[in-house]
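Single-letter residue listing:
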Amino acid sequence: MLTLREKYYDFDQISSKVFKCRRDDQFFTMKIVSILNEENQANNGVPYWIIREISILKELDHINIVRLIDVMTDGPDLFLVFEYLDNEFQADFLKNPKMFMYPQMKKEFLYQILNTVAYLHARKILLRDLRPENILVNVRTQVLKIALFGAARTFEAPLEAYSSSVGCLSYRSPEVLFQFGCEKYSTPNDVWAVGCIFGEMLLHRPLFSGPSDVELLDEIFTLLGTPTEETWPGVTSICGTCALMGPPQQPKDLAKEFPMLNPDGLDLLSKMLCLCPNYRISAEDAVKHPYFKGV
Amino acid sequence: MAARLEQQQQQQQPINVGEVKQKNMGGEGRNNRRVLQDIGNLVGKQGHGNGINLSKPVTRNFRAQLLANAQEKNKKSSTEANNGAVVATDGDGVGNFVPARKVEAAKKTKEEPEVIVISSDDESEEKPAAKGKKEREKSARKNAKAFSSVLSARSKAACGLPRDLLVSIDATDMDNELAAAEYIDDIYKFYKETEEEGCVHDYMGSQPDINAKMRSILVDWLIEVHRKFELMPETLYLTLNIVDRFLSVKAVPRRELQLVGISSMLIASKYEEIWAPEVNDFECISDNAYVSQQVLMMEKTILRKLEWYLTVPTPYHFLVRYIKASTPSDKEMENMVFFLAELGLMHYPTAILYRPSLIAAAAVFAARCTLGRSPFWTSTLKHYTGYSEEQLRDCAKIMVNLHAAAPGSKLRAVYKKFCNSDLSAVALLSPAKENCLEQA
């Protein structure tokens, strides 16, 4: 079996744990992951999130997902070899100033994100941590890639309980925020995150940015209205107490909040940001929404 | 051993053992793997047969509109309803496909059921619904179950399956996001397409130091460990899959077989559980037979040998689906299925000769025979499993024989586990009679 140095060469450091390397005439990106804990001991072996990330990535073959090519081990380190994305691919895609030059580009990228999420859901994979930092784009070729599957995991249907302390707070769905330790959530959680990213694309700032669960819920209800038993059946039993929901608020007019959106765009945004997960549009249906006509 | 297996292979209906493309066979074989196609719930222009022609996604509004049209049309002309196929909804809102003449007969004998006729898209355009938008949405929510079962019944009718016998097992989940109903067919299609890659060939011939009996002893012990740690069922099935796949690519000395078992369970726990047991828990449970360093080394070896492929369909994935298709199901039925499946997985020839979906389907078939659920195999089960009774009979017979032999066996973990009243004490029930399986 070839060692790491025999298989790959010409290492160029990109960041502390990421290198560009070569094999034959091809370039690759290598990510180094240590399996040691804070005390520098590998006392529990390969971390669970690495096992999940690698086994999930090995299964995927999609233009909008960064492809895992190889996994090498060397002492306490794992070397994940990914397809090489040239300098034109910018991480944290919403921070790219060119992103907002053409309205059609936003639509194109949103379509690619939804298409990828639908692909993952159909392969029983929940992303759980979808946020702009994990999305790379090449503005010139208009290709988008989703990276970092640390929080992804497979799900069974019907869904089992999964950890609720996942995902960046700003992109966390109301059902996850509400349940405070009740860990049942599903595919709509990822669709909510895409809705938040859509809003952020349009406003050039995070749609919701509360520093805590409760404040974030308040921000969500300020925009979308406080849920009721009619709009979200069972909501009172989920949150246990209505105190969490604060005083009842009416939903704002999304057309005024997002004047740049046409009626189809507003319809899609409202369906992705539907408070009740049961009524939220699926990624599969969102891809077919009239908003994407011509994409 | 190999000769005995060959003999069994001829008698039973095995997967094509020699030609199985395996997860652990290296990279080059995987490039031609079928990638999931573009997914969608759009129906082509040709329509669904029987007058329904969907050319747009079934949104709640569209669903409501169809229902509203149907009900309005039904009021206008009950004679039209009697000519075509209709859907009678019973009390719980699940639609049953009934030919019109059967509905007529039903009307004479019992209270008139609500009858819904689905008009085509074109007709919807001509006759807009009378109800207001809010009312339509309310009716959509109320009738969502019935309508989804209408759609599934329509598509099944188009497939030429017996309409009156087929039950849509996902109809009640359409408004439950935890059931992932809109993806369920894609998921199981994907499982069926990829299950062979996780299967293994008969590997005992290439294991100089271990045999099938030792594997059974290991599995028996792992089932006990799994129970002690109170792990999720899928963790057990993934553990056994990892063990078999690893043993099929690496010769293991007898003294390390238990080490392979605990390292496999450690990996499976990390993959499946929210809180996985730690390495020292496995050390303790194996009576300190191995030190943590050995477990960690073996963990890495297994992952490397299996090329980190852990997202594999196991019998568990199919069991939950097929139990759901075995309507009406109850706890006793469910526990009997799991009991028989675990007995099957302990038995080396069964575990390697049959693919996961067939093991799951055979367990359901054998459980129905054991509990006297008539008919033993239904159109619904045939539709969702893709197997006929004939294809399952050999594997089911093995499971029934294993059930009969379980009380006297030295390996009692599965038997003891399912003697427990928490699991309906199904192990204590009499096994199915051979002739039941023959008659089925």
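What you see is a predicted model; the values in this text were computed from it and never measured.

Asks: Could you give an account of the overall build of chain A, naming the residues involved and the relevant values?
Replies: From N to C terminus, chain A includes 10 helices and 10 strands. Counting over 295 residues, chain A shows a buried share of 56%. Just so you have it, chain A exposes about 12500 Å², and 52% of that area is on carbon and sulfur atoms.

Asks: Before we move on, can you summarise the overall build of chain B with the specific residues and values?
Replies: Within chain B one finds 20 helices and three strands. The buried share of chain B, reckoned over its 440 residues, is 56%. Here chain B has roughly 19400 Å² of accessible surface; of this, 49% comes from carbon and sulfur atoms.

Asks: So what's going on with helix 9 (residues 263-272) of chain A? Residues and values would help.
Replies: Residue and element names in this part refer to chain A. Listed as buried for helix 9 are Gly-265, Leu-266, Leu-268, Leu-269 and Met-272. Viewed end-on, helix 9 has its buried residues packed into an arc of 165°, placing them on one side of the element. Against the buried residues of helix 9 lie helix 3 (103-121), helix 5 (188-203), helix 8 (254-257) and helix 10 (283-286).

Asks: Describe the pattern of salt bridges, listing the residues and the values that go with them.
Replies: Residues and elements named next belong to chain B. Counted according to the given criterion, the structure contains 14 salt bridges over all chains. The closest approach of N and O atoms between Arg-373 and Asp-330, which form a salt bridge, is 3.1 Å. Here Asp-330 lies in the loop between helix 13 (315-325) and helix 14 (331-346) and Arg-373 lies in the loop between helix 16 (356-370) and helix 17 (379-385), a separation of 43 residues in the sequence. Looking at Arg-373, the relative accessible area reads 19%, which means it is buried. Between Arg-393 and Glu-389 there is a salt bridge, with the nearest N and O atoms lying 3.9 Å from each other. Highlighted residues: Arg-393 and Glu-389, both in helix 18 (residues 389-405), separated by four residues, approximately one helical turn. Counted as one network, the salt bridges with shared partners bring together Asp-330, Glu-332 and Arg-373.

Asks: I'd like to hear about the packing of helix 5 of chain A against helix 9 of chain A, residue by residue, with values.
Replies: Residues and elements named next belong to chain A. Look at helix 5 against helix 9: their axes get within 8 Å of each other, and the N-to-C directions meet at 140°. What the angle tells us is that helix 5 and helix 9 run oblique. The handedness of the crossing between helix 5 and helix 9 comes out as left-handed. Along the contact surface, helix 5 presents Val-191, Trp-192, Val-194, Gly-195, Phe-198 and Gly-199, while helix 9 presents Gly-265, Leu-268, Leu-269 and Met-272. Considering only residue class, the contact of helix 5 with helix 9 consists of seven nonpolar, three polar and no charged.

Asks: Break down the sheet that holds strand 5 (residues 77-83) of chain A for me, citing the residues and quoting the values.
Replies: All names here are of chain A. Read from one edge of the open sheet, five strands run 1-2-3-5-4, paired in antiparallel fashion. For this open sheet the edge positions go to strand 1 (9-15) and strand 4 (68-74), each flanked by a neighbour on one side alone. When the angles between neighbouring strand axes are averaged without regard to direction, this sheet yields 30°.

Asks: Describe the packing of aromatic side chains, listing the residues and the values that go with them.
Replies: Aromatic rings considered in pairs are described by the distance between their centres and by the relative angle of their planes. All names here are of chain A. What the rule picks out here adds up to 15 aromatic pairs over all chains. For the ring pair Tyr-111 and Phe-292, a centre distance of 5.2 Å and an interplane angle of 65° mean the geometry is edge-to-face. Pair noted here: Tyr-111 is in helix 3 and Phe-292 is in the segment after helix 10, with a separation of 181 residues, a long-range link. On the basis of relative accessible area, Tyr-111 is assigned to the partly exposed category, the value being 23%.

Asks: Report on unusual backbone geometry, specifying residues and quantitative values.
Replies: Cis peptide bonds are those with omega within 30 degrees of zero, and the linkage from Ser-374 of chain B to Pro-375 of chain B qualifies with -5°. With respect to the helices, strands and loops of the structure, Pro-375 of chain B is situated in the loop between helix 16 and helix 17. You will see that Asp-24 of chain A, though not glycine, has its phi angle at about 55°, which is positive. Inspection of the secondary structure assignment puts Asp-24 of chain A in the loop between strand 2 (18-23) and strand 3 (26-34). Given the relative accessible area of 54%, Asp-24 of chain A is considered exposed.

Asks: I'd love a proper account of the nonpolar core, names of residues and values included.
Replies: One finds Phe-93, Leu-110, Ile-113 and Leu-130 of chain A to be the most contacted residues of the largest nonpolar core, which totals 183 residues. One finds Phe-19, Phe-28, Met-72 and Phe-79 of chain A within the second-largest nonpolar core, a separate group that totals 10 residues.

Asks: An account of the pairing of strand 8 (residues 135-138) of chain A is needed here, citing residue identities and associated values.
Replies: Residues and elements named next belong to chain A. Alternating positions in strand 8 separate into two faces, Ile-135 and Val-137 on one and Leu-136 and Asn-138 on the other, with burial throughout. By the bridge criterion, four bridges tie strand 8 to strand 9 (residues 143-146) in an arrangement that is antiparallel. Among the inter-strand pairings, Leu-136 is bridged to a residue of strand 9, identified as Lys-145. With antiparallel pairing between neighbouring strands as the criterion, strand 8 and strand 9 make up a hairpin whose turn holds four residues, including Gln-142 at a positive phi of roughly 55°.

Asks: Please provide a residue-by-residue account of the packing of helix 16 of chain B against helix 18 of chain B, values included.
Replies: Packed helix pairs are characterised by how far apart their axes lie and by the angle those axes make with each other. Residue and element names in this part refer to chain B. Relative orientation of the contacting elements helix 16 and helix 18 amounts to 70°, with a least axis distance of 8 Å. When the interaxial angle is binned, helix 16 and helix 18 end up roughly perpendicular. Viewed along their axes, helix 16 and helix 18 form a crossing whose handedness is right-handed. Contacts between helix 16 and helix 18 pair Leu-358, Ile-359, Ala-361, Ala-362, Ala-363, Phe-365, Ala-366 and Thr-370 from the former with Glu-389, Gln-391, Leu-392, Arg-393, Cys-395, Ala-396, Met-399, Val-400 and His-403 from the latter.

Asks: Summarise the environment of Leu-247 of chain B; cite the residues concerned and give the values.
Replies: Residues and elements named next belong to chain B. Within the secondary structure, Leu-247 sits in helix 9 (residues 233-247). Sequence separation of Leu-247 and Gln-207 is 40 residues, and the distance between their C-alpha atoms is 7.8 Å. In this structure, Leu-247 is in contact with Tyr-203, Gln-207, Ile-210, Val-252 and Leu-257, ignoring residues within four places of it in sequence.

Asks: Tell me about the environment of Glu-193 of chain B, and please be specific about residues and values.
Replies: Residues and elements named next belong to chain B. Position of Glu-193 among the secondary structure elements: in helix 7 (residues 184-194). Overall, Glu-193 belongs to the partly exposed group, its relative accessible area being 27%. A C-alpha to C-alpha distance of 9.7 Å links Glu-193 and Pro-313, two positions 120 residues apart in sequence.

Asks: Describe helix 16 of chain B, naming the residues involved and giving the relevant values.
Replies: For helix 16 of chain B, which comprises 15 residues, the first-to-last C-alpha distance of 21 Å matches the rise-based estimate of 21 Å (1.5 Å per residue) to within 8%. The element helix 16 of chain B is extensively covered by neighbouring structure, given that 15 of its 15 residues are classed as buried.

Asks: Account for the confidence of the model for chain A, with residues named and values stated.
Replies: Residue and element names in this part refer to chain A. In the predicted model, chain A carries a mean pLDDT of 80, and the fraction of residues at 70 or more is 80%. Looking at the elements of chain A, mean pLDDT is at its lowest for strand 10 (residues 153-154), recorded as 55, and at its highest for helix 9, recorded as 96. Residue range residues 156-165 is modelled with pLDDT below 50. Its contacts to residues more than four positions away, or to other chains, number 45 contacts. Counting interchain partners and residues more than four positions distant, the pLDDT-below-50 stretch residues 180-184 has 14 contacts.

Asks: Can you explain the confidence of the model for chain B? Please cite residues and give values.
Replies: Averaged over chain B, the pLDDT score is 70; the fraction of residues at 70 or greater is 57%. Between residues 1-64 of chain B, whose pLDDT stays under 50, and residues either more than four places distant or in other chains, the model counts 151 contacts.

Asks: Let's hear about the state of the cysteines: which residues, and what values?
Replies: Applying the stated rule across the entire model yields zero disulfides over all chains. Note on Cys-274 of chain A: no disulfide assigned, nearest cysteine sulfur contributed by Cys-276 of chain A at a separation of 5.8 Å.

Asks: Go over the side chain of Lys-107 of chain A with me, naming the residues and quoting the values.
Replies: All names here are of chain A. If you trace the backbone, Lys-107 turns up in helix 3. Of the side chains with opposite charge, Asp-264 comes closest to the buried, unpaired Lys-107, at an N-O distance of 7.2 Å. Within the structure, Lys-107 has its side chain in polar contact with the backbone oxygen of Tyr-291 (distance 3.1 Å). If we ignore the near neighbours within four places in the chain, the residues touching Lys-107 are Tyr-291, Phe-292 and Val-295.

Cut-off values and rules
- Residues numbered from 1 in each chain as written.
- Chains lettered and ligands numbered in written order.
- Predicted model: local features only at pLDDT ≥ 70, side-chain atom pairs only at ≥ 80, totals over all residues.
- Heavy atoms only, no water.
- Helix = DSSP H or I, 4+ residues; strand = E, 2+ residues; numbered from the N terminus.
- Buried < 20%, exposed > 50% of the residue type's maximum accessible area, 1.4 Å probe, protein only.
- Areas by Shrake-Rupley, 256 points an atom, 1.4 Å probe, with all protein chains shown as cover.
- Arc of directions from axis to C-beta.
- Contact = heavy atoms within 4.5 Å.
- Salt bridge = Lys/Arg side-chain N within 4 Å of Asp/Glu carboxyl O.
- Axes fitted to C-alpha atoms, helices over the stretch in contact; angles between N-to-C directions.
- Parallel < 35°, antiparallel > 145°, perpendicular 65-115°, else oblique.
- Left-handed = near helix turned anticlockwise from the far one by under 90°.
- Nonpolar A, V, L, I, M, F, W, Y, C, P; charged D, E, K, R; others polar.
- Pairing = 2+ DSSP bridges.
- Phe/Tyr/Trp six-rings, centres within 6.5 Å; stacked < 30°, edge-to-face > 60°.
- Core = buried A, V, L, I, M, F, W, Y, C linked by side-chain atoms within 4.5 Å.
- Expected span 1.5 Å × (residues − 1).
- pLDDT = per-residue confidence, 0-100.
- Disulfide = S-S within 2.5 Å.
- Lys, Arg positive; Asp, Glu negative; His and termini not counted.
- Polar contact = N/O pair within 3.5 Å; in protein donor to acceptor, adjacent residues only side chain to side chain.

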